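# Coordinates in review
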Amino acid sequence: MNKKTRYSDREFSSDLLAWYTVHGRQNLPWKQLDSPYHIWISEVMLQQTQVETVIPYYWKFIRKFPDMRSLANAEVDSVLSVWAGLGYYARARNLHRAARIIRDDRDCEFPRDFGQLLSLPGIGRSTAGAIMAFSYNLRYPILDGNVKRVLMRIHAIDGDPGARETQALLWKIADAKTPGDSPGDYNQAIMDLGAMICKRAAPSCLNCPVRNHCQAYQSQAVADYPRKIRRAKRPVRSCRMLLISRPDGDVLLQKRPPHGIWGGLWSLPQMDDPKAGIRRFCAESLELEVATWREMDMLRHHFTHYELLIHPVVCSIDHSGNPTMDEERFLWYNRNLGQDAGIPTAVERIFKNLESTENK
DNA sequence: GAACCGTGGTA
DNA sequence: TTACCAAGGTT
């Protein structure tokens with residue numbers, strides 16, 4: 001890299017930091033304590049998730065698991081129940097696994113080494129960099145959606161944002177621009193710029209502190225970066241979800257397999273074969289005799305890579321008492337008891353729909 | 001290395 | 001309504 005570029009990178013970071021001092025988001029909940037544990041939790045929650053969405057989950061999580069030991073000693077079910085609704089549940093499982101590793105290998109002392117962080121489940125290059133920069137104020141770059149967008153505009157990079165070469169180039173630029181002085185503040189500043197000024201749609205370039213550095217702005221082509229990629233249409237799948245209640249009103253939930261969608265959460269018994277008979281399914285896989293059933297309104301649920309059409313079915317079963325089920329795989333659930341059960345948002349929606357139809 | 005993994009906001 | 005995508009990482 002030549003002298004001019006190096007000078008320009010330094011000028012970029014100092015302009016950005018001056019803006020951050022005045023306009024940056026310096027009161028985020030996880031910045032209140034100078035604690036690697038809290039930074040770590042927030043960084044994982046913030047993966048692919050916006051700040052406003054994370055905040056209530058962060059408080060709930062920290063109240064329940066205030067430190068590494070409480071998290072490591074908890075049951076994974078308990079962690080998932082706090083995470084329920086936030087999505088990407090592997091993050092919660094990985095957080096819990098990592099906490100146990102840190103407890104067992106390091107007596108709960110949080111790692112201070114980049115390589116050690118990277119080796120933990122759920123921590124990749126960007127999250128490790130963020131923890132190093134925010135917790136220890138060390139010079140590590142980050143590359144999240146905000147930073148990517150900002151850098152692609154600043155340098156008018158016209159490549160597929162997801163392509164390996166583009167990623168490598170962006171990491172190189174991110175590293176070159178990260179100053180040795182206040183790397184923590186700088187990383188926060190460039191993310192804040194992306195979130196507040198250099199937004200995906202309708203960026204406010206006139207308020208941008210680094211527009212003089214911005215090649216896209218200078219060629220009046222900010223809207224062209226990053227380049228938009230056409231995606232394949234999402235496939236549609238459909239299923240039935242069974243609402244089976246006991247005489248005492250508890251609803252039957254079934255534990256999802258540890259991997260795959262909603263991994264480790266408690267969901268309704270699900271029939272993926274639309275032709276299968278309800279009575280037979282219940283007899284064979286649940287050992288319950290269904291007497292009658294009633295179809296509810298279908299609801300659509302959108303995932304990242306497919307769309308799910310859910311047909312809920314309210315079933316009444318032929319039992320005079322309360323049937324017992326294998327407690328590892330099944331749970332009789334009462335919404336009003338606050339059990340430690342992580343329940344997917346789609347299932348919560350079905351419960352709400354059911355409530356509102358019952359009240360009519 | 002491409003597919004997978006949630007949910008909510010926004011245009 | 002539809003499509004995009006946000007403080008990404010794992011397999």
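Residues numbered from 1 in each chain as written. Chains lettered and ligands numbered in written order. Predicted model: local features only at pLDDT ≥ 70, side-chain atom pairs only at ≥ 80, totals over all residues. Heavy atoms only, no water.

## Points about the packing of aromatic side chains
Per the counting criterion, the structure on display carries ten aromatic pairs. A centroid spacing of 6.1 Å and a plane angle of 65° characterise the contact between Y37 and W40, whose relative ring orientation is edge-to-face. Taken together, the residues Y37 and W40, both in helix α2 (residues 36–45) and three residues apart, mark about one turn of the helix. What makes Y37 buried here is its relative accessible area of 7%. Between Y333 and F351, the ring centres sit 6.2 Å apart and the planes meet at 20°, which makes this aromatic pair stacked. Here F351 lies in helix α14 (residues 345–358) and Y333 lies in strand β8 (residues 330–333), a separation of 18 residues in the sequence. Among the residues examined, Y333 registers a relative accessible area of 8% and is labelled buried. (Phe/Tyr/Trp six-rings, centres within 6.5 Å; stacked < 30°, edge-to-face > 60°. Helix = DSSP H or I, 4+ residues; strand = E, 2+ residues; numbered from the N terminus. Buried < 20%, exposed > 50% of the residue type's maximum accessible area, 1.4 Å probe, protein only.)

## A look at the protein's contact with DNA strand B
Around DNA strand B lies a shell of 20 residues, among which Y89, W262, H301, T304 and H305 are the nearest. Taken together, the sugar and phosphate atoms account for 62% of what DNA strand B places within 4 Å of the protein. Here a phosphate oxygen of DNA strand B sits 2.6 Å away from a polar atom, N or O, in the main chain of W262. Mapped onto the surface near DNA strand B, the elements with two or more residues apiece are β6 (299–302) and α14. Looking at the surface near DNA strand B, its residues break down into seven nonpolar, ten polar and three charged. (Near = heavy atom within 4 Å. Polar contact = N/O pair within 3.5 Å; in protein donor to acceptor, adjacent residues only side chain to side chain. Nonpolar A, V, L, I, M, F, W, Y, C, P; charged D, E, K, R; others polar.)

## Points about the domain arrangement of chain A
Domain annotation of chain A identifies domain 1 (3–224) and domain 2 (236–358). One C-alpha centre belongs to domain 1, the other to domain 2, and the line joining them spans 37 Å. Listed as interface residues are ten residues of domain 1 and, on the opposing side, 14 residues of domain 2. Summed over both sides, the interface between domain 1 and domain 2 buries roughly 850 Å², with carbon and sulfur atoms accounting for 45% of that surface. Broken down residue by residue, the surface that domain 1 buries against domain 2 is led by D77, Y89 and R93, which jointly contribute 51%. Summed over the shared surface of domain 1 and domain 2, the result is eight residue pairs in polar contact (both at pLDDT 80 or more). (Domains from an automatic or database assignment. Contact = heavy atoms within 4.5 Å. Buried area = accessible area lost by both parts, 1.4 Å probe.)

## Thoughts on the environment of E295
Its location among the elements puts E295 in strand β5 (residues 290–295). For the pair E295 and N353, spaced 58 residues apart in the sequence, the C-alpha separation amounts to 12 Å. Apart from residues lying up to four places away in sequence, E295 is in contact with R240, P312 and V313.

## So, unusual backbone geometry
Cis rather than trans, the peptide bond between Y225 and P226 has omega equal to -10°. Residue position: P226 is located in the loop between α12 (215–218) and β1 (236–244). If you check the backbone angles, W262 has positive phi at about 60° while not being a glycine. Assessed through its relative accessible area of 6%, W262 is described here as buried. In this structure, E287 is a non-glycine residue whose phi angle is positive, near 55°. Tracing the sequence through the fold places E287 in the loop between α13 (278–286) and β5. Residue E287 is classed as exposed on the basis of its relative accessible area of 66%.

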